[in-house]
Amino acid sequence: MVAFVFFFSSQEGSDARTRMSTLLKTYRLTKFYGPRSDEALRLLRNGASKRQIQEQSGCTVGIHQVDLEVHDGELFVIMGLSGSGKSTLLRCINRLVEPSAGRVQVEDEEVTAMKKPDLLRFRRRRMAMVFQTFSLFPHRTVLDNVAFGLEVQRVPKSERWRIAKEKLQMVGLEQWASHYPSQLSGGMQQRVGLARALATDADILLMDEAFSALDPVTRTEMQAELIRLQGALKKTILFITHDPQEAMRLGDRVGVMKDGELVQVGTPEVMKKAPVNDYVANLLRNVEPEKG
């Protein structure tokens, strides 16, 4: 397992979710791709627009000055079409991709300022990631896969197996503990991945298109499972998806990305009733907010 998972004004009403304490923040987070990233960064600091940066430096702008605030205990969904920058944003937050500029902060810890050893410790302790492709070890049993993050943390075997069994029970797979990933369906494998992330008891779960590889029926079942688990555990989850219906079903709040920029943040109800522009309106045209 790879263990890791303000300032944006939005119309959110008086829902209690807006009064939660902030756990994760990004400030003007930016990522350039290209051989002249230093020039792109200079242009950014001189106030150049995204278009000017691309034209003058030749760099592709992956994400551009993203300000994001995620509350403690909320399921926050980042939605956007392919190429919108949503997965780049997630990977910059845990520094699988190094940001070109900006900051990431989790409570009083500045992630972007950490040296590699501190960053590795931080990932193991505070963030866990669930991938689209399951990323299970084929030579390890289901139980060993779930316990792997605890093994990395050097938790004694008896304790990590106890925790792994508890998490497998939580996702309904305790009877599959001695099996191997190849013996499980895609949906079951993703449940193992989710149990593995939960086993480390990280503060933040990062879920990158976690259900996209599943068939529609299994995907709907996994969405319901995540909603059930979130109702019980109240984890802080940052969930990436290209599917508007999935975003509106899962999210306490939703952020929409376009061309590397975060264009709107709000509750599903507000996003549907008051889209900030035609792009957001068109994305959500045939989608209704729902939970469960």
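Now for a quick tour of the structure. Quick caveat: nothing in here was measured; it's all calculated off a predicted structure. (Residues numbered from 1 in each chain as written. Predicted model: local features only at pLDDT ≥ 70, side-chain atom pairs only at ≥ 80, totals over all residues. Heavy atoms only, no water.)

Helix and strand counts for the chain come out as eleven helices and ten strands. Against the 2.2 N^0.38 benchmark of 19 Å for 292 residues, the chain shows a C-alpha radius of gyration of 19 Å, consistent with a compact globule. By its C-alpha atoms, the chain is 55 × 45 × 35 Å across when sized along the principal axes. Of all 292 residues assigned to the chain, the portion counted as buried reaches 54%. Summed over its atoms, the accessible surface of the chain is roughly 13100 Å², and 47% of this surface lies on carbon and sulfur atoms. Between the centroid of the 41 positive side chains of the chain and the centroid of its 36 negative side chains there is a distance of 4 Å. (Helix = DSSP H or I, 4+ residues; strand = E, 2+ residues; numbered from the N terminus. Rg over C-alpha atoms; globule rule 2.2 N^0.38 Å. Buried < 20%, exposed > 50% of the residue type's maximum accessible area, 1.4 Å probe, protein only. Areas by Shrake-Rupley, 256 points an atom, 1.4 Å probe, with all protein chains shown as cover. Lys, Arg positive; Asp, Glu negative; His and termini not counted. Charge placed at Lys NZ, Arg CZ, Asp CG, Glu CD.)

Here we take up the pattern of salt bridges. On inspection of all chains with the given rule, the structure shows 21 salt bridges. Between Arg 162 and Glu 159 there is a salt bridge, with its nearest N and O atoms 2.8 Å apart. Placement of both Arg 162 and Glu 159 in helix α6 (residues 157-170) is noted, with a separation of three residues, approximately one turn of the helix. Because the salt bridges share partners, they merge into one network encompassing Glu 107, Glu 109, Arg 125, Arg 126 and Asp 203. (Salt bridge = Lys/Arg side-chain N within 4 Å of Asp/Glu carboxyl O.)

Here we have six strands laid out as an open sheet, ordered β6-β7-β8-β3-β9-β10, and mixed in their pairing. The open sheet terminates on both sides in strands that have one partner only, identified here as β6 (127-130) and β10 (261-266). Here the average twist between neighbouring strands, direction ignored, is 20°. Relative to strand β7 (residues 204-208), β6 runs parallel, the two being bridged by four bridges. Paired with Ala 128 across the two strands is Leu 205, which belongs to β7. Packed on one face of the sheet, helix α3 (residues 86-93) meets β3 (75-79), β6, β7, β8 (236-241) and β9 (253-258) and runs near 150° to β8. The strands that helix α7 (residues 186-199) touches are β6 and β7; relative to β6, the one it contacts most, it runs at about 175°. (Pairing = 2+ DSSP bridges. Axes fitted to C-alpha atoms, helices over the stretch in contact; angles between N-to-C directions. Contact = heavy atoms within 4.5 Å.)

This brings us to the pairing of strand β2 (residues 60-71). When you tally the buried positions in β2, you get nine out of twelve residues, the bulk of the element. Here strand β1 (residues 22-33) pairs with β2 via eight bridges, running antiparallel. What sits directly across from Leu 29, in β2, is Val 66.

What follows is about helix α1 (residues 37-45). What α1 keeps buried is the set Ala 40, Leu 41, Leu 43 and Leu 44. For α1, the angular spread of buried residues about the axis comes to 160°, placing them on one side. Exposed and facing more than 90 degrees away from the buried side of α1 are Asp 38 and Arg 45. One or two residues past the end of α1 sits Gly 47, with phi positive at roughly 90°. (Arc of directions from axis to C-beta.)

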